[in-house]
Amino acid sequence: MSITHLPTLRTATEGRTIAVVGDVYRFLATGEDTNGKYAMWEAIVPPGGGPPPHVHSREEEGFYILEGEITFHVGEKRIVATGWNVRQHAGRTPHSFKNESNRSAKMLISVAPAGLEKMFFEVGVPVVQGATAAAPPTEEEIEKLIAVAPRYGIGIRLPH
């Protein structure tokens, strides 16, 4: 028997908001909201922000640039994406994104199926709803992400 959920409606500032290694993520839909089909969040990435190279083993990931510029590294490719660009790819390819500009960027990130958002809830630091900036990551936050990520099927590729 299939469980149906009522629609989840969020205003422009609603949604659980956390900082993950310096980026601000506001969750618009989680697996709880979508019967596990997908999750979606807004990411505010400051200059220099973004995750290290990594590989997903469980989900597909998509990016929709709302403001600013994000540089994606997918395998050996470097792609500079600006406003309203969409990038979608299989998570099994090593990839990362970074804000190489001098102003914050905003994008939507979606994963299917859902589940990865639980990793962010585990490693993230709560920030006030409506926050658009976070403190730089601490060494402890980075170490926690590296330790927790494999439990969610994420392989982080640190430089040697």
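First, a word on what this report is: a plain description of the structure on this page. (Residues numbered from 1 in each chain as written. Predicted model: local features only at pLDDT ≥ 70, side-chain atom pairs only at ≥ 80, totals over all residues. Heavy atoms only, no water.)

Before going further, it helps to spend a moment on helix α2 (residues 116-123). Within an α-helix, residues lying three or four positions from one another point in the same direction, as the helix has 3.6 residues per turn. Burial in α2 covers these residues: Leu116, Glu117, Met119, Phe120 and Val123. Across the axial projection of α2, the buried residues extend over an arc of 150°, all falling on one side. (Buried < 20%, exposed > 50% of the residue type's maximum accessible area, 1.4 Å probe, protein only. Helix = DSSP H or I, 4+ residues; strand = E, 2+ residues; numbered from the N terminus. Arc of directions from axis to C-beta.)

This part covers the packing of α2 against helix α3 (residues 139-148). The N-to-C vectors of α2 and α3 enclose an angle of 145°; their axes lie 10 Å apart at closest approach. As for how α2 packs across α3, the hand of that crossing is right-handed. Only Lys144, Leu145 and Val148 of α3 make contact with α2, whose side of the interface consists of Met119, Glu122 and Val123. Among the residues making up the contact of α2 with α3, the classes are represented as four nonpolar, no polar and two charged. (Axes fitted to C-alpha atoms, helices over the stretch in contact; angles between N-to-C directions. Left-handed = near helix turned anticlockwise from the far one by under 90°. Contact = heavy atoms within 4.5 Å. Nonpolar A, V, L, I, M, F, W, Y, C, P; charged D, E, K, R; others polar.)

This next bit is on the side chain of Glu42. Along the chain, Glu42 falls in strand β3 (residues 39-45). Those residues in contact with Glu42, other than ones at most four positions away along the chain, are Val24, Tyr25, Arg26, Leu28, Lys106, Met107 and Leu108.

Here we take up the pattern of salt bridges. Per the counting criterion, the structure on display carries five salt bridges. Two residues, Glu42 and Arg26, come together in a salt bridge whose shortest N-O distance is 3.3 Å. With Glu42 in strand β3 and Arg26 in strand β2 (residues 23-29), this residue pair connects regions lying 16 residues apart in the sequence. As far as the burial class goes, Glu42 and Arg26 line up, both buried. Between Arg151 and Glu122 there is a salt bridge, and its shortest N-O distance comes to 2.1 Å. One end of the pair, Arg151, is in the loop between α3 and β12 (154-156); the other, Glu122, is in helix α2, with 29 residues separating them in the sequence. Each of Arg26, Glu42, Glu67 and Lys106 takes part in salt bridges that share partners, so that together they form one network. (Salt bridge = Lys/Arg side-chain N within 4 Å of Asp/Glu carboxyl O.)

Between two aromatic rings, the relevant description is the distance of the centres plus the angle of the planes. Summed over all chains, the structure comprises nine aromatic pairs. Both rings, one in Phe63 and one in Phe97, keep their centres 5.6 Å apart while their planes meet at 70°; by these two values the pair is edge-to-face. Separated by 34 residues along the polypeptide, Phe63 in strand β5 (residues 60-67) and Phe97 in strand β9 (residues 95-98) bring together distant segments of the chain. Residue classification places Phe63 among the buried positions, given a relative accessible area of 2%. In this structure an aromatic cluster arises from ring pairing among Tyr25, Phe27, Trp41, Phe120 and Phe121. For the cation-ring pair, Arg16 lies above Phe121, with the distance from its terminal atom to the ring centre recorded as 4.0 Å. (Phe/Tyr/Trp six-rings, centres within 6.5 Å; stacked < 30°, edge-to-face > 60°. Lys NZ or Arg CZ within 6 Å of the ring centre and 35° of its normal.)

The subject of this paragraph is the nonpolar core. Grouped together as the largest cluster of nonpolar side chains are 29 residues, with contacts concentrated most on Tyr25, Trp41, Phe97, Met107, Met119 and Phe120. Of all the elements in the fold, those that place two or more residues in this core are β1 (17-20), β2, β3, β5, β6 (69-74), β10 (105-112), α2 and α3. Those residues in contact with Met119, other than ones at most four positions away along the chain, are Leu145, Val148, Ala149, Tyr152 and Ile154. (Core = buried A, V, L, I, M, F, W, Y, C linked by side-chain atoms within 4.5 Å.)

Where β6 and strand β7 (residues 77-82) come together, six bridges link them in antiparallel fashion. Bridge pairing in β7 links Glu69 to Thr82. If you look at the hairpin formed by β6 and β7, you'll find two residues sitting between the two strands, and Gly75 has a positive phi there, around 60°. (Pairing = 2+ DSSP bridges.)

A grouping of Ile142, Ile146 and Leu158 is seen on the molecular surface, where their side chains present a nonpolar patch of about 210 Å² in accessible area. Mapped onto the secondary structure, Ile142 falls in helix α3. Among the residues examined, Ile142 registers a relative accessible area of 31% and is labelled partly exposed. (Patch = residues over 30% accessible without salt bridge, like charges linked within 9 Å, V, L, I, M, F, W, Y side chains within 5 Å. Areas by Shrake-Rupley, 256 points an atom, 1.4 Å probe, with all protein chains shown as cover.)

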